[in-house]
Amino acid sequence: MPAINRKKLMESVKRVVVKVGSGVLTRRNGLNLNVIDDLTTEICFLRKKGIEVIMVSSGAIAAGLRKIGMSKKPESLSGMQALAAMGQSNLITVYEEAFARHGAKAAQILLTRDDLTNRRRYLNSRNTILTLLSWKIIPVINENDTVVVDEIKFGDNDNLGGMVTNLTDSRLLVNLTNIDGLFDMDPRTNQDAELIKIVTEIDEKIIGAADKIPGFLGKGGMASKITAARKMTLRGIPTIIANGLKPGILKDIFSGKEVGTFFPPNQKALGSKKHWIAFTKSPKGKLVIDKGAEKALLENGKSLLPSGIKAVRGRFDRGNSVVLLNESDRELAVGLVNYNSDELNRIQGVRTSRIEFLLGYKHNDEVIHRDNLVLSLAQVF
Ligand code: GLU
């Protein structure tokens, strides 16, 4: 792979998602106003240079915690949600005031995973954010913590940051945390820890290093930052994990300085729709396919036909995403189905010419069209 010129790459970025973690935004007695002031100053500087910035900001739960004076997070979901409700209003007020000092305006957007898995709502959220950007307003996005339950959760804001990058066609994800980037060990407890400056492949070693660096205030720690970076690089988008407590960090990043940990884009990236299928939609069922279909899909770039299906698992609708398994239960791919689970139970294993006879109608010849199928990302489903 040819070496990437980081400075040149940064010069080409005209839209960026800046995700800021709770550890950056809060201090002992509440929100860290100095840091927020620095960050908003830098964001306004980038905007003046013609770079559109979308913020994904954590800190609601941490701000709520500090507002009420609790020493640690409550165990209950409702407790966390109550804290988020208190902290989110605090957070957005502080951003509004900080941006106003530069004559800029912010807008709050709260999302759940559901909003982005439904293609219509995905496109709606996208239009809203793009409209705000065209009005020169800075969108400040967080997960809608007060209403989310497990099934509709992004889980952590690193994942949300990645999805928003994809949603808005941003060309870079900057993930600001309270350490300089990914280290080989936890730098807060090991003096010898070394910063990993560039990650061209997210292998076991990198995942192992990340696992050793948990988060304290936020949900994710380094592990979820690496997962988000991996999804981004597969989309052809670079990620930089850097220290949001360092004044001037965004300016440094955009001037091409080698700060933080840089994840260059993967050259065999997925297109936007396939990335959405692979990473945003949650699979609702599984299809076991036979050896012939496995070969046709993996080696010959074909679509999935009913004849290759051996078993249908779970209940799902037309348009849902399903995971494809081979006969040894290995996950091969994920794709959008043209038939629901009841229909597939009736047409599995039959030739295409029999679909209409068995169902009384035919939506398509293919159960999953090639264009709606993402292969060989099995380990991330
Ligand atoms: N949405 C959460 C908050 O604002 C943060 C989630 C995370 O730390 O990743 O408090």
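Here, the structure is the one placed above.
Residues numbered from 1 in each chain as written. Predicted model: local features only at pLDDT ≥ 70, side-chain atom pairs only at ≥ 80, totals over all residues. Heavy atoms only, no water.

**Q** Break down the pairing of strand S10 (residues 285–289) for me, with residues and values.
**A** Each regular strand shows side chains that alternate between the opposite faces of the sheet. Burial of S10 is extensive: four of the five residues sit out of reach of the surface. Where S10 and strand S12 (residues 321–325) come together, four bridges link them in parallel fashion. The partner of Leu287 across the bridge, within S12, is Leu324. (Buried < 20%, exposed > 50% of the residue type's maximum accessible area, 1.4 Å probe, protein only. Helix = DSSP H or I, 4+ residues; strand = E, 2+ residues; numbered from the N terminus. Pairing = 2+ DSSP bridges.)

**Q** Summarise the sheet that holds strand S9 (residues 261–263); cite the residues concerned and give the values.
**A** Read from one edge to the other, the open sheet built from seven strands follows the order S5-S6-S4-S1-S7-S8-S9, with strand pairing classed as mixed. Looking at which strands have only one partner, the edges of the open sheet turn out to be strand S5 (105–111) and S9. Neighbour to neighbour, the strand axes of the sheet diverge by 20° on average, direction disregarded. Pairing of S5 with strand S6 (residues 137–143) involves seven bridges; the strand directions are parallel. By the bridge assignment for S6, Leu111 is matched with Glu143. The strands touched by helix H7 (residues 119–134) are strand S1 (15–20), strand S4 (52–57), S5 and S6; relative to S6, the strand with the most contacts, the crossing angle is about 145°. (Axes fitted to C-alpha atoms, helices over the stretch in contact; angles between N-to-C directions. Contact = heavy atoms within 4.5 Å.)

**Q** So, the side chain of Thr261: which residues are in play, and what are the values?
**A** Inspection of the secondary structure assignment puts Thr261 in strand S9. Taking the relative accessible area as the measure of exposure, Thr261 reaches 0% and is therefore buried. Only 2.7 Å separates the side chain of Thr261 from the backbone oxygen of Ile196, close enough to count as a polar contact. Excluding residues within four positions of it along the chain, Thr261 makes contact with Asp180, Gly181, Leu182, Leu195, Ile196, Lys197, Val199, Thr239, Ile240 and Ile241. (Polar contact = N/O pair within 3.5 Å; in protein donor to acceptor, adjacent residues only side chain to side chain.)

**Q** Got a sec to walk through the packing of helix H8 (residues 157–167) against helix H10 (residues 221–234)? Specific residues and values, please.
**A** Taken N-terminus to C-terminus, the directions of H8 and H10 make an angle of 15°; their axes are 8 Å apart at the nearest point. Comparing the axis directions of H8 and H10 gives the class roughly parallel. Seen from above, H8 lies across H10 with right-handed handedness. Contact with H8, carried on its side by Asp158, Asn159, Gly162 and Thr165, involves Gly221, Ser224, Lys225, Ala228, Lys231 and Met232 of H10 and no other residues of that element. (Parallel < 35°, antiparallel > 145°, perpendicular 65-115°, else oblique. Left-handed = near helix turned anticlockwise from the far one by under 90°.)

**Q** Quick one: what's the story with the packing of helix H9 (residues 204–211) against H10, residue by residue and with numbers?
**A** Put simply, H9 and H10 touch, their axes get as near as 7 Å, and they point 145° apart. When H9 is examined against H10, the residues Ile206, Ala210 and Asp211 are found in contact with a partner set consisting of Met222, Ala223 and Ile226. Taken together, the residues of the contact of H9 with H10 break down into five nonpolar, no polar and one charged. (Nonpolar A, V, L, I, M, F, W, Y, C, P; charged D, E, K, R; others polar.)

**Q** Outline helix H3 (residues 33–48), supporting the account with residue identities and numerical values.
**A** Across its 16 residues, H3 extends 22 Å between first and last C-alpha, which sits within 8% of the 22 Å expected from 1.5 Å per residue. Among the residues of H3, those classed as buried are Val35, Ile36, Leu39, Thr40, Glu42, Ile43, Cys44 and Leu46. Of the residues one or two after H3, Gly50 is the one with positive phi, at around 90°. (Expected span 1.5 Å × (residues − 1).)

**Q** I'd love a proper account of the environment of Gly220, names of residues and values included.
**A** Along the polypeptide, Gly220 turns up in the loop between H9 and H10. Classification of Gly220 as partly exposed rests on a relative accessible area of 26%. Remark: the alpha-carbon pair of Gly220 and Asn157, spanning 63 residues in sequence, is separated by 7.6 Å. When near neighbours in sequence (up to four residues on either side) are disregarded, Gly220 contacts Asp156 and Asp158.

Just geometry here; none of it tells us what the structure is for.
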